[in-house]
Every structure is written in structure tokens, then in C-alpha cells.
Amino acid sequence: RDSRNALRYDPENNALRKKYQETLARANARDMEMTPEVLELYSKGSDAFVRGDYDASLRYYEEALKLQPNNRAILRGIDVVRERKQKQQAGTSSSR
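All figures in this text were calculated on a predicted structure; none of them were measured in a lab.

Enquirer: When you look at the overall build of the protein in this model, what are you seeing that I'm missing?
Expert: Broken down by element type, the protein carries 5 helices and 0 strands. Seen along its three principal axes, the alpha-carbon backbone of the protein occupies a region of about 40 × 40 × 20 Å. Relative to its full complement of 96 residues, the protein shows a buried share of 28%. When the accessible surface of the protein is split by element, carbon and sulfur atoms take 47% of a total near 6900 Å². Side chains of the protein carry 19 positive and 15 negative charges; the gap between the two charge centres is 4 Å.

This is how it looks when you write it as C-alpha cells:
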């Protein structure tokens with residue numbers, strides 16, 4: 001609700017809009033069958049994750065999410081990638 005109200009005052013704020021859309025998708029997330037196109041993107045995201053290419057993984061998952069914005073598995077995949085990237089960045093900054 002706060003994000004939606006903020007968008008009224010700053011409708012061009014893309015970061016805020018993305019955060020609002022993700023919050024809304026999570027609230028409405030459900031298990032669903034993936035279309036072949038979504039499944040291909042999701043699989044590529046999973047493969048990239050296993051290789052440790054978190055940026056590519058996130059890109060594939062986000063593309064899949066555009067096609068099925070309420071897909072719980074895709075949202076979960078995005079969360080796992082972001083968490084792994086944060087841990088990786090924290091490890092990199094603490095080893096300096």
C-alpha cells in the first residue's frame with residue numbers, strides 16, 4: 001500500500017514501480033504450470049545458477065517472470081539468486 005501511494009506522487013519512479021509489482025506478485029503468487037517458453041527461460045536460469053553465473057540466472061528468471069508474474073517457483077528462484085549474490089558480495093567485500 002505504501003508503494004502504491006508513493007507511486008501516485010512519483011509515477012515515473014521505475015525502481016519503486018518494480019518493487020511494487022514484485023510485492024503484488026508475491027502476495028498473489030501461486031503454483032502454476034509453466035508454458036514451454038517460460039519453462040525454457042526458467043531452465044536457463046537454473047542452469048546459470050548452478051554454473052555460478054548469478055547475473056545471467058537473474059536475467060532469465062526476470063524474463064520468465066514477465067510472462068508469468070505470479071509464478072511462485074520463479075519468484076522463489078529470484079529470491080535464491082539475490083540471496084546468493086548478497087552472500088557473494090559480502091564475502092568479496094570482507095576479504096579485502
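Having seen it, we continue.
Enquirer: Hey, could you run me through the environment of Val-50 in this one?
Expert: Structurally, Val-50 can be placed in helix H3 (residues 36-51). Expressed as a C-alpha distance, the spacing of Val-50 and Asn-5, which sit 45 residues apart in the sequence, is 39 Å.

Enquirer: What is the right way to read the environment of Leu-75 from this model?
Expert: Structurally, the position occupied by Leu-75 is in helix H5 (residues 72-94). For the pair Leu-75 and Glu-37, spaced 38 residues apart in sequence, the C-alpha separation works out to 16 Å. Those residues within four positions of Leu-75 in sequence are excluded, and the remaining contacts are Ala-25, Arg-26, Ala-29, Leu-65, Pro-69 and Asn-70.

Enquirer: I tried to follow the pattern of salt bridges on my own but got confused; where do I start?
Expert: Pairs can form between side chains of opposite charge once their charged atoms are near each other. In total, this model carries 9 salt bridges according to the counting rule given. When the shortest N-O distance is used, the salt bridge between Lys-85 and Asp-55 registers 2.5 Å. In this pair, Lys-85 is assigned in helix H5 and Asp-55 in helix H4 (residues 54-67), connecting sequence segments 30 residues apart. We classify Lys-85 as buried; its relative accessible area is 18%. Across the pair Arg-82 and Glu-62 runs a salt bridge whose closest N-O atoms are separated by 3.4 Å. Taken as a pair, Arg-82 in helix H5 and Glu-62 in helix H4 lie far apart in primary sequence, 20 residues in all. Residue classification places Arg-82 among the partly exposed residues on the basis of a relative accessible area of 27%. For Glu-62, a relative accessible area of 22% puts it in the partly exposed group. When salt bridges that share partners are traced, they join Lys-18, Glu-22, Arg-26, Glu-62, Asp-79 and Arg-82 into one network.

Enquirer: I tried to follow the nonpolar core on my own but got confused; where do I start?
Expert: The biggest cluster of nonpolar side chains holds 15 residues, and the ones touching the most others in it are Ile-74, Ile-78 and Val-81. Put simply, the parts of the chain that give this core at least two residues each are H3, H4 and H5. Examining the composition of this core, we find that 5 residues originate from one element, H4, more than from any other. Setting aside chain neighbours within four positions, we find Ile-74 in contact with Met-34, Val-38, Tyr-42, Tyr-61, Ala-64, Leu-65 and Gln-68.

What counts and how
- Residues numbered from 1 in each chain as written.
- Predicted model: local features only at pLDDT ≥ 70, side-chain atom pairs only at ≥ 80, totals over all residues.
- Heavy atoms only, no water.
- Helix = DSSP H or I, 4+ residues; strand = E, 2+ residues; numbered from the N terminus.
- Buried < 20%, exposed > 50% of the residue type's maximum accessible area, 1.4 Å probe, protein only.
- Areas by Shrake-Rupley, 256 points an atom, 1.4 Å probe, with all protein chains shown as cover.
- Lys, Arg positive; Asp, Glu negative; His and termini not counted.
- Charge placed at Lys NZ, Arg CZ, Asp CG, Glu CD.
- Contact = heavy atoms within 4.5 Å.
- Salt bridge = Lys/Arg side-chain N within 4 Å of Asp/Glu carboxyl O.
- Core = buried A, V, L, I, M, F, W, Y, C linked by side-chain atoms within 4.5 Å.

Geometric values such as these leave the question of function open.
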